[in-house]
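Below, each chain spelled out in residue letters.
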Amino acid sequence: MSTPPLLSIREATISFAKKILFENLSFNIFPRDRICLIGKNGVGKTTLMNVIAGFFEMDCGERFIMPGAVLGYLTQSEKLPENLTISDYILSGVKIDEHKIYLIDIVCEHLKIDKNALTQNLSGGQKRRVNLARALVLEPDILLLDEPTNHLDLEVIQWLEEYLQGFRGALLVISHDRKFLERVSNKVFWLRAGQLKINHHGYKNFDEWSQGIIEHEMRELSNLEKKVELESGWLQTGVTARRKRNIGRLHYLSELRDKLEAQRKLVYANRSKIRIESQKIEEDAPQVILSLNNVSKSFANGPRHEDGVTNKEDVTPHLLRGPEKKLIEKFSLKILRGERIGIIGKNGSGKSTLLKMMIGEIAPDSGTVKPARDIVISYFDQSRSAIKSTSTVQEILCDSGSDYVKLANGKTMHICGYLKNFLFDPNDRETLAGTLSGGQQNRLLLAKTLANPGNFMILDEPTNDLDMDSLDMLSDYLSKYQGTLIVVSHDRDFLDNVATSILAFEGNAVITNHIGGYSDYLEFKEKNMQSHEDVVTKVKNVSIEFPSTLVVESSQPKKLSYKLKLELEKLPAKIENLEKKICELSEELSETEDRNPANLAHISMEIAKHQKELEIAENRWMELEEKSDFI
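Because the structure is predicted, anything quoted here is derived from the model rather than measured.

(A) Quick peek at the overall build of the protein. The secondary structure content of the protein amounts to 18 helices and 20 strands. Per-residue burial over the protein gives 48% buried out of 631 residues. Intrachain contacts of the protein at a sequence separation of at least 6 include 70% that bridge at least 24 residues. Of the accessible surface of the protein, which amounts to about 31,600 Å², a share of 51% is contributed by carbon and sulfur atoms.

(B) Representation of the pattern of salt bridges within the structure. For the coordinates displayed, the defined rule picks out 15 salt bridges. When the shortest N-O distance is used, the salt bridge between Asp 493 and Arg 178 registers 3.5 Å. Of this pair, Asp 493 sits in helix 15 (residues 492-498) while Arg 178 sits in helix 6 (residues 178-184); the two residues are 315 residues apart in sequence, bridging distant segments of the chain. Note on accessibility: Asp 493 and Arg 178 belong to one class, buried. Notably, a salt bridge pairs Asp 403 with Arg 429, separated by 3.1 Å at the nearest N-O pair. Residue Asp 403 is located in the loop between helix 11 (393-397) and strand 15 (404-406), and its partner Arg 429 is located in the loop between helix 12 (415-421) and helix 13 (438-451); the two are separated by 26 residues in the primary sequence. Here Asp 403 falls in the partly exposed class, since its relative accessible area comes to 32%. Taken together, the shared-partner salt bridges connect Glu 161, Asp 177, Arg 183 and Arg 492 into one network.

(C) Spatial organisation of helix 3 (residues 98-110). For helix 3, which comprises 13 residues, the first-to-last C-alpha distance of 19 Å matches the rise-based estimate of 18 Å (1.5 Å per residue) to within 8%. Within the sequence span of helix 3, burial applies to Lys 100, Leu 103, Ile 104, Val 107 and Cys 108. Along the axis of helix 3, the buried residues cluster in a sector spanning 125°; they form a single face. Exposed residues lying more than 90 degrees from the buried face of helix 3 are Glu 98, Tyr 102 and Glu 109. Residues of helix 3 that are buried sit in contact with helix 2 (86-91), helix 4 (124-138) and helix 5 (154-165). Of the residues that open helix 3, the one with a side-chain oxygen 3.1 Å from the backbone nitrogen of His 99 is Asp 97.

(D) Just the sheet that holds strand 8 (residues 187-192), in detail. Here we have six strands laid out as an open sheet, ordered 5-6-7-3-8-9, and mixed in their pairing. Edge strands, defined here as strands with exactly one partner in the open sheet, are strand 5 (71-74) and strand 9 (195-199). In this sheet, adjacent strand axes meet at a mean angle of 15° when their direction is disregarded. Sheet topology places strand 3 (residues 34-38) next to strand 8; four bridges connect them, and they run parallel.

(E) Local environment of the packing of aromatic side chains. Under the definition given, this model contains ten aromatic pairs. Where Phe 27 meets Phe 189, the ring centres are 5.4 Å apart and the plane angle is 65°; that geometry is what we call edge-to-face. Highlighted residues: Phe 27 in strand 2 (residues 19-29) and Phe 189 in strand 8, separated in sequence by 162 residues. By relative accessible area, Phe 27 is classed as buried at 3%. Site record: aromatic cluster; members linked through ring pairs are Trp 190, Tyr 203, Phe 206 and Trp 209. Against the face of Tyr 89 rests Arg 134, its NZ or CZ located 4.7 Å from the ring centre. Directly above the ring of Phe 424 sits Arg 443, whose terminal nitrogen or CZ lies 4.6 Å from the centroid.

(F) Quick peek at unusual backbone geometry. Unlike most non-glycine residues, Arg 32 shows phi in positive territory, near 70°. Positionally, Arg 32 belongs in the loop between strand 2 and strand 3. Backbone geometry at Asn 508 places phi at a positive 55°, although glycine is not the residue there. Mapping Asn 508 onto the fold places it in the loop between strand 19 (501-507) and strand 20 (510-515).

(G) A look at the pairing of strand 7 (residues 170-174). The buried fraction of strand 7 is high, at five of five residues. Alternating residues of strand 7 divide into Ala 170, Leu 172 and Ile 174 and Leu 171 and Val 173, and every residue in both groups is buried. With three bridges connecting them, strand 3 and strand 7 associate as parallel partners. Bridge pairing in strand 7 links Ile 35 to Leu 172. The sheet contact formed by strand 6 (residues 142-146) and strand 7 spans five bridges and is parallel. Across the sheet, Leu 143 pairs through a bridge with Leu 171, a residue of strand 7. Regarding topology, helix 5 serves as the crossover connection from strand 6 to the parallel strand 7, and that connection is right-handed.

(H) Local environment of the nonpolar core. Within the largest apolar cluster, 85 residues are counted, with the highest numbers of intra-cluster contacts made by Ile 38, Ile 90, Leu 136, Leu 164, Leu 397 and Leu 444. When residues in this core are grouped by element, the largest group, seven residues, is from helix 5. Beyond its immediate stretch of four places on either side in the chain, Ile 90 contacts Ile 104, Cys 108, Val 130, Ala 133, Arg 134 and Val 137. Counting residues in each nonpolar core, the second largest holds 28 residues, with Ala 12, Ile 29, Val 51 and Phe 189 among its members.

(I) Just the packing of helix 3 against helix 4, in detail. Contact pair helix 3 / helix 4: the axes reach a minimum separation of 10 Å and the direction vectors enclose 145°. For the element pair helix 3 and helix 4, the recorded crossing hand is right-handed. Together, Lys 100, Leu 103, Ile 104 and Val 107 of helix 3 and Ala 133, Leu 136, Val 137 and Leu 138 of helix 4 make up the contact between the two elements. Broken down by class, the residue content of the contact of helix 3 with helix 4 amounts to seven nonpolar, no polar and one charged.

(J) Here's a closer look at the sheet that holds strand 4 (residues 60-65). Sheet architecture is open: three strands sit in the order 2-1-4, paired in antiparallel fashion. Edge positions in the open sheet fall to strand 2 and strand 4, since each of these has one partner strand only. Between one strand axis and the next, the sheet turns by 25° as a mean value, whatever way the strands run.

Definitions and limits used
- Residues numbered from 1 in each chain as written.
- Predicted model: local features only at pLDDT ≥ 70, side-chain atom pairs only at ≥ 80, totals over all residues.
- Heavy atoms only, no water.
- Helix = DSSP H or I, 4+ residues; strand = E, 2+ residues; numbered from the N terminus.
- Buried < 20%, exposed > 50% of the residue type's maximum accessible area, 1.4 Å probe, protein only.
- Contact = heavy atoms within 4.5 Å.
- Areas by Shrake-Rupley, 256 points an atom, 1.4 Å probe, with all protein chains shown as cover.
- Salt bridge = Lys/Arg side-chain N within 4 Å of Asp/Glu carboxyl O.
- Expected span 1.5 Å × (residues − 1).
- Arc of directions from axis to C-beta.
- Polar contact = N/O pair within 3.5 Å; in protein donor to acceptor, adjacent residues only side chain to side chain.
- Pairing = 2+ DSSP bridges.
- Axes fitted to C-alpha atoms, helices over the stretch in contact; angles between N-to-C directions.
- Phe/Tyr/Trp six-rings, centres within 6.5 Å; stacked < 30°, edge-to-face > 60°.
- Lys NZ or Arg CZ within 6 Å of the ring centre and 35° of its normal.
- Right-handed = clockwise from strand over helix to strand, strands pointing away.
- Core = buried A, V, L, I, M, F, W, Y, C linked by side-chain atoms within 4.5 Å.
- Left-handed = near helix turned anticlockwise from the far one by under 90°.
- Nonpolar A, V, L, I, M, F, W, Y, C, P; charged D, E, K, R; others polar.

Right under this line is the structure:
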């Protein structure tokens, strides 16, 4: 007997803003389904999710949900009720038992949430994580997640992947993160031209599967002599073209990375010659477009936004402020012309703070930021502050009353043609920005930023809410961009496609630099972790050699042996020495002008090794101190 569906939509017609999105739409969601819902921005993904959740009325059709089935939904809304602790909010409407109390602790810990904080003191990204925690703790039969990886750092995304792989209910997720979808899905709902295509093998083979559908439709178009010109737009942006572009782009990236290493060698070879006269590289060397010299930045602990910037509106006099948190400490970097740097790190680690120092929006506590005389900066702000909801698309892109978009080098392009380049319908030119989806607003801001990107472009989380076609469009554009690129993103596939080096915020004000994309950085980290395990094994083999007198049965605790007392006495000095080594190596890493990847990697591995040894030494000291106190 076949398993009955948890939820069914039958012969539905769904419209939004007087536009029909779907007609005669039918599908089922079964237990253990892991469905990724994909399609272009504006095609109706969120609207369909709202229909499934029962938040949006269909024009006609039938919605059936299994009696007693519980549905959890993470929307893109960041609203939370005020004057509640996060724990109380997450558990509201949930039957509380020991399992739920345990689960909320686990989920909040991994999502980096303080469950005792108040809901009104949170940034937008923190509110999203709280709503995600609420949906997970509910443990529903059907879990709907609309862009769950937005505002999550890579470590949290990896934990979420593992959690969802073990989730017992049905899952329907909207996400632009290809690697995330590959790891969590076993079925694809592809929304395309008002129709729903279903693949029962998950996202991993989406390119091959969708290419087969496109080829079949191409044959039908040819046989029926339909309007090929009208359809050529989506054929040109289909999967076949995308895969070909991706292959070409990867070859191009490989060449760029080789050129970057060669250019760095040239710069530092020139520096060696310069040192004969000046003993240091000149900050205004022609290859350097921006120089960071021993910059440091700290913020007082308190209500703050995602990346360490204090939330001034939320600060009240009665709040106790803790010691300052160091985000960036004595960091030096000379950014070369043509570099394409991807920036990664945990939320709150200082990524956006570094960007704002680069553009001069905030000043470092110490050190200097020196741009080249000819630098022209363009900045994509993830908050979309440049997009006014009451302005039309044309008003945002064009000067008042004009039909033309101003491009670089004094060139112009008609608004209709320019909109097509960014996957908009030219008829959208009079559409109010406030009525666009989140992904469409992001695309609009990209169109505005990329019209005249200057020679130093900074993109802060440009991939949020973008669909797959928009991501490919952005990757294609950036592959042709000739200036210097700085991009913050949690999209691993995107970083592999655009970055020639990775700047990783490792925490505790440690920033490391790696040649290559995210996969290259991950490979380095995995090798580094293996070296950690080797160190732990060696230290454990030494530390577990206890005297036989300690393994004697007795109801009375024995005194520490002379050997253990001696070990306890020596541990504080050992800990202090390790802390000193870590500090010295961190300063060497941030201050060195030697950007040779092998040398930087060696210093990073030494830091990691000493940090692990420090952790082991501290744990051993606590263990022996407790035994000493007990006696």
